[in-house]
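# Fold and contact review
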Amino acid sequence: MLLDWKMKITQMPVYLQVNNTRSEDSASAELQIGTALPFPGGRSCDDYLFYKFASMLALVLALFPFVLPVKQVLAQSVAFAIEEIAPGNYVHYGSYADRSPQNFGDNANVGFIVGDTCVLVFDSGGSFAVGQALRNAIRSVTDKPVCYVVISHVHPDHFFGTAAFLAEEPEIIGHENLPLQLAARGRHYEMTLARDLGDASEGSRIVLPTKTLAAGTTMTVALGGRDVEIRAWAPAHTDNDLSVIDLSTSTLWLGDLLFVDHTPILDSNITGFLAVMKELRELHIRHYIPGHGRSDLPWPQVMDPQQRYFELILTETRQAIRDNVRLMDAVNQIGYSQAQNWVNFETYHRRNVTTAYTELEWE
Amino acid sequence: MKLRTTLFSALFLGLYVTAHANPNPEPDHTKIPEWAVIKDLMFGDRVINPDDREVIRVYLNTRADDAATVPVMINGLIDQSPTDYIKTMYVIVDRNPIPTAGIFRFTPDSGRVKMETRLRFEQYSFVRAVAELNDGRLYMSQRWVKAAGGCSAPMGKNVAADSMGKMRFRVDDQVEYDKPMLIELQVRHPNESALASDLDPDHVPQFVRNVNVDYNGDPVMSGEVNYSLSDNPVFRFYFVPRAEGDLNVKVEDTHDSVYTQSMRVSEEDGVAAQ
């Protein structure tokens, strides 16, 4: 999840297609809104000239709300590429950029599973606009109704698009701890979404689950021709994490139980997160979708970097507590050997250490 | 046409960048409307020596990464002598629902005035420390904190009922009589925020409102606090053991629960929780 979003314009070009991509001469380039570039990934950020140029265009694009009616901008700007990662399993990869009016909070990976009678949506995106774009993407693939929307956890980049599906009256499935967390954090999430997205947040709102699952339990739903297992976990990334397995293709939708390239985020319990990861590794699956980042590496080795990251934080934080290093100093000392391995490390790492420290000091 | 478009774009780019370059610069701490009200209510027309970092100083990391857990250290920089000492330290977060995060009282026997704790920030705000000396003079210093949502965030670490109010001490140094000794007190408590609204409207948020510390009956430090403190509140402060004795802590919360814990202190045997 992405809680803290200063404008980082240099990471925004996902929504821009630039015909003359390597030129700095902005007057000669054409800008097309509404077509996605291939996902740039974290590592292409060193392509400085391209990003500098694209960020200029992003700024120009940022002025569009002043001259076009908002609705029109919404329709034009939410570019939405989907990939069929396994038969009937479609994923849209979110952006690493901080959320902004330009990207509509399209930060988390979201997607859907299509059965013979029903569609299941796994996470609805960071705004109503993203939810709508996801729904349009579903309609481009199938006319089967959306019977289920699974909310993987309480973070706003994963659920604010749910309202876009209400017309289809789906069962909205969340962890048993989700309603309480939404009640507690919802006001703040709505306020900051409006602050960061402005008019682009229009229509986004908190939607409570219609069905909840207790930690440690599973539930199987039939989509017609394929069954899908939904599992509620003990506290890990948050205290309300759900995962989904499409049993017919062995495809695991992890939500933020797995980060690839993007700094993993800890919002609940580091020992719990490591325990859940150990369980996840045992699953024999053929395909997986992380909450952030791509699905290119083999399973379960794709979990190794995240596991090393949290194991390092665990070890170093325990040592810092033994050495009576205060929290204020610990956040500046722990885990920095990992800094080069992750996107957005500066934004999230110290908060992870804070969460780990305040948990482990009571061991 | 091309050129005009370019110039036009450049102009607006310039405006855009200017307007968005630093959307939340540090404001002038003397011109905060909330502070004007707080100052009036708490100190009336008394003079507060502003920005006096020779008497009291606020330390924190420039970046606040978790608005629900912002470590803050406030040090008094004058010696606590029987004739000249900091009597009260007010810790104020201008824009929190309850701006007075803590009122801590000290004595000459505190040795040195220090309070390290962790605060919640609901909005970008100054945190101010006002020191009141025994003769009534007031000194203040402040730091700007960019963190928001800390009071709305619920407690992630659900405190089991059987560990509620459990306390721990952490001590760095050997015990030496008549020498200020730094001690950390940790309290297991959710310190529920009134803003982290429960689904149950009748629920009274349960947070710590008082902490009292004495040594063999003589006051060392006391604090009136609230949910501006993070969950599992932590207090790090000094006291001076003059002889073997017991450090006694009493914590009260808004549900009128009272928790106590003592620690035996001696040069021979060090410290031991009791």
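Residues numbered from 1 in each chain as written. Chains lettered and ligands numbered in written order. Predicted model: local features only at pLDDT ≥ 70, side-chain atom pairs only at ≥ 80, totals over all residues. Heavy atoms only, no water.

## Section: the pairing of strand E10 (residues 218-222) of chain A
Residue and element names in this part refer to chain A.
- With burial as the criterion, only one face of E10 is covered, namely that bearing Met219 and Val221; the residues Thr218, Thr220 and Ala222 on the opposite face remain uncovered.
- Here E10 runs beside strand E11 (residues 227-232); their pairing, made up of five bridges, is antiparallel. Residue Thr220 lies in a different strand from E11, and its bridge partner there is Glu229.
- What sits between the antiparallel neighbours E10 and E11 is a turn of four residues, in which Gly224 has the positive phi angle 90°. (Buried < 20%, exposed > 50% of the residue type's maximum accessible area, 1.4 Å probe, protein only. Helix = DSSP H or I, 4+ residues; strand = E, 2+ residues; numbered from the N terminus. Pairing = 2+ DSSP bridges.)

## Focus on the state of the cysteines
Residues and elements named next belong to chain A.
- All told, the structure shown has one disulfide over all chains when counted by the stated rule.
- The disulfide partner of Cys118 is Cys147, and the gap between their sulfur atoms is 1.8 Å. Where Cys118 bonds to Cys147 through sulfur, the torsion about that S-S bond is close to -75°, and the disulfide is left-handed. Highlighted residues: Cys118 in the loop between strand E5 (110-114) and strand E6 (119-122) and Cys147 in strand E7 (residues 146-150), separated in sequence by 29 residues. (Disulfide = S-S within 2.5 Å.)

## A short note on the environment of Arg120(B)
Residue and element names in this part refer to chain B.
- When you line up the elements, Arg120 lands in the loop between strand E6 (114-119) and strand E7 (125-133).
- Sequence separation between Arg120 and Ala148 is 28 residues, and the spatial gap between their C-alpha atoms is 8.3 Å.
- Among the polar contacts made by the side chain of Arg120, one reaches the main-chain carbonyl oxygen of Asn191 at a distance of 2.6 Å. (Polar contact = N/O pair within 3.5 Å; in protein donor to acceptor, adjacent residues only side chain to side chain.)

## Things to note about the pattern of salt bridges
- Counted by the stated rule, this structure contains 37 salt bridges over all chains.
- A salt bridge links Arg57(B) to Glu54(B), with the nearest nitrogen and oxygen atoms 3.8 Å apart.
- On the basis of relative accessible area, Arg57(B) is assigned to the partly exposed category, the value being 23%.
- For Glu54(B), a relative accessible area of 56% gives the class exposed.
- Among the charged side chains, a salt-bridge network with shared partners connects Arg326(A), Asp329(A), Lys114(B), Glu116(B), Arg170(B), Glu184(B) and Arg236(B). (Salt bridge = Lys/Arg side-chain N within 4 Å of Asp/Glu carboxyl O.)

## With respect to the sheet that holds strand E12 (residues 242-246) of chain A
All names here are of chain A.
- On the basis of which strands lie adjacent, the open sheet formed by five strands has the order E10-E11-E12-E13-E14 and mixed pairing. The open sheet is flanked by E10 and strand E14 (287-292), the only strands paired with a single partner. Looking at each pair of strands side by side, their axes are set apart by 25° on average, direction ignored.
- As judged from the five bridges shared by E11 and E12, these two strands associate in the antiparallel manner. Within E12, the position partnered with Arg231 by the bridge is Ser243.
- The strands touched by helix H7 (residues 270-281) are E11 and strand E13 (251-259); relative to E13, the strand with the most contacts, the crossing angle is about 160°. (Axes fitted to C-alpha atoms, helices over the stretch in contact; angles between N-to-C directions. Contact = heavy atoms within 4.5 Å.)

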